[in-house]
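Chain residues, written in single-letter form:
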Amino acid sequence: PNSDCVVAEQLCLSDSTCNATYRTLENCALAKTRLLSLDHDSRVRCLNAELDLGNSSLLHCKCHRRMKRQEHCLRIFWTVHSSMTDAENNCESPLPSTVEHWKTDYNKLAALVSGKNYSQLVGDATNPCLRATHVCNLSKKCFRLRTDYASICTKGAGSEDVCDQRKCHRGLRNFFEKVPEDFTKRILFCPCQDEFCGERRRKTIVPDCSFQYNTKPNCLWLLDSCLEDHICKSRLADFQQNCQPVDMSPDGCSLHNHAACLQAYMGMIGTPMTPNYVSNSSVEVSLWCTCENSGNQKEKCDQILGMFESNKCL
């Protein structure tokens, strides 16, 4: 079974041979992070160190989505896998797909909202996004964490101040990690029949702060920003693994698991590669980036953008 990387690291450090191998891998990962070019002997040493781990639990450890010390856990995973793999070339995901069972009161709260006074409570009984939001507001945790990110992500709106996007992203990750998916999925993926509903759905993540810049950066720059961040790099690998499109497959999905794909998509929100709906009249999503002026890397850039814009699995 896959062990927790934090526990696996502690076991490794208590063994002198494993400890020495792991310290070598740490140096390899550090060199890669700093974009230092390694000579042939150093590259061989890094590869041998990874192979020397053999059946160590470190080689097969994982990090769970809602665990404490998640960032530390992910740093361990990428230390062990940094020499032989490339995150942008679809490395194995450090986040195992799990069906999470919550003791949730969503249905109970939704039943309260479905009463005869529903239209008076939310203003429009035909808007599923307003309904999902109102059910969230009846849950203390959902309301508190949604209010937290909304206040951070709207700070500075209407003035010359620019919002703190890093804090906004952290608030969004907090919301999607700590609130049961019964609430978060219904808020993010609410089915809309009109543009008023669609606009509310598009603004769920406060795109003026979390999604958009003044000008669209190149998608390769967005990818580089993601690969420098352990959380984003991990969630990108998870997204690539669970949302891998296959043209010949009837459902367009290599793993045939759309729930895992949607979960991986939600994981990208609050990272440097945060996606969002492109308009209030469709369910098409995209990254906030462009592939103009990509030179001889245009094809690679198009692939990055295409993971979201034209992904049949997603």
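The following refers to the structure shown. (Residues numbered from 1 in each chain as written. Predicted model: local features only at pLDDT ≥ 70, side-chain atom pairs only at ≥ 80, totals over all residues. Heavy atoms only, no water.)

Further remarks concern the side chain of R201. Secondary-structure assignment places R201 in helix α11 (residues 195-202). Of the side chains bearing the opposite charge, D194 lies closest to the buried R201, which forms no salt bridge; the N-O distance is 9.1 Å. (Helix = DSSP H or I, 4+ residues; strand = E, 2+ residues; numbered from the N terminus. Buried < 20%, exposed > 50% of the residue type's maximum accessible area, 1.4 Å probe, protein only. Lys, Arg positive; Asp, Glu negative; His and termini not counted. Salt bridge = Lys/Arg side-chain N within 4 Å of Asp/Glu carboxyl O.)

At their nearest, the axes of helix α4 (residues 70-81) and helix α14 (residues 230-242) sit 9 Å apart, and the two run at 70 degrees to each other. The pairing of α4 with α14 is recorded here as roughly perpendicular in orientation. Relative to α14, α4 is oriented so that their crossing is left-handed. On the side of α4, the interface is formed by Q70, E71, L74, R75 and W78, while α14 contributes H230, I231, K233, S234, R235 and A237. Grouping the constituent residues of the contact of α4 with α14 by class yields four nonpolar, three polar and four charged. (Axes fitted to C-alpha atoms, helices over the stretch in contact; angles between N-to-C directions. Parallel < 35°, antiparallel > 145°, perpendicular 65-115°, else oblique. Left-handed = near helix turned anticlockwise from the far one by under 90°. Contact = heavy atoms within 4.5 Å. Nonpolar A, V, L, I, M, F, W, Y, C, P; charged D, E, K, R; others polar.)

Quick look at a positive patch on the surface now. On the surface, K155, R166, K167 and R170 cluster together into a positively charged patch. The exposure class assigned to K155 is exposed, which follows from its relative accessible area of 64%. (Patch = residues over 30% accessible without salt bridge, like charges linked within 9 Å, V, L, I, M, F, W, Y side chains within 5 Å. Areas by Shrake-Rupley, 256 points an atom, 1.4 Å probe, with all protein chains shown as cover. Charge placed at Lys NZ, Arg CZ, Asp CG, Glu CD.)

Next up on the list: the pattern of salt bridges. The tally for this structure, following the rule as stated, stands at nine salt bridges. E177 is the salt-bridge partner of R235, the closest N and O atoms lying 2.2 Å from each other. Of the two residues, R235 sits in helix α14 while E177 sits in helix α9 (residues 165-178), which places them 58 residues apart along the sequence. The partner of R202 in a salt bridge is E199, and the shortest N-O contact between them spans 3.0 Å. Taken together, the positions of R202 and E199, both in helix α11 and three residues apart, correspond to about one turn of that helix. By relative accessible area, R202 is classed as buried at 16%. The class for E199 is partly exposed, based on a relative accessible area of 21%. Here the residues in one salt-bridge network are E9, R23, E26 and R75, joined through shared partners.

Let's shift gears to the state of the cysteines. Note on terminology: disulfide describes a covalent bond linking the sulfur atoms of two cysteines. Here the structure, examined in full by the defined rule, presents 14 disulfides. For C153, the disulfide goes to C168, at an S-S distance of 2.0 Å. Taking the torsion about the sulfur-sulfur bond, which here is approximately 100 degrees, the covalent link between C153 and C168 counts as right-handed. Of the two residues, C153 sits in helix α8 (residues 140-153) while C168 sits in helix α9, which places them 15 residues apart along the sequence. (Disulfide = S-S within 2.5 Å.)

The next thing to look at is the packing of helix α7 (residues 128-137) against helix α10 (residues 181-188). Here α7 crosses α10 at 150 degrees, and the two axes come no closer than 8 Å. Here α7 is positioned roughly antiparallel relative to α10, judged by the angle of their axes. As for how α7 packs across α10, the hand of that crossing is left-handed. On α10, the residues touching A132, T133, V135 and C136 of α7 are F183, R186 and I187. Each residue belonging to the contact of α7 with α10 can be placed in one class, and the counts come to five nonpolar, one polar and one charged.

Quick look at unusual backbone geometry now. Residues other than glycine seldom take positive phi values, yet V206 does so here, at roughly 50 degrees. The residue V206 is located in the loop between α11 and α12 (207-210) in this model. Positive phi, close to 60 degrees, is recorded for N293, a residue that is not glycine. Of note, N293 is situated in the loop between β2 (285-287) and α16 (298-309). On the basis of relative accessible area, N293 is assigned to the exposed category, the value being 79%.

The analysis is restricted to geometry; functional conclusions fall outside its scope.
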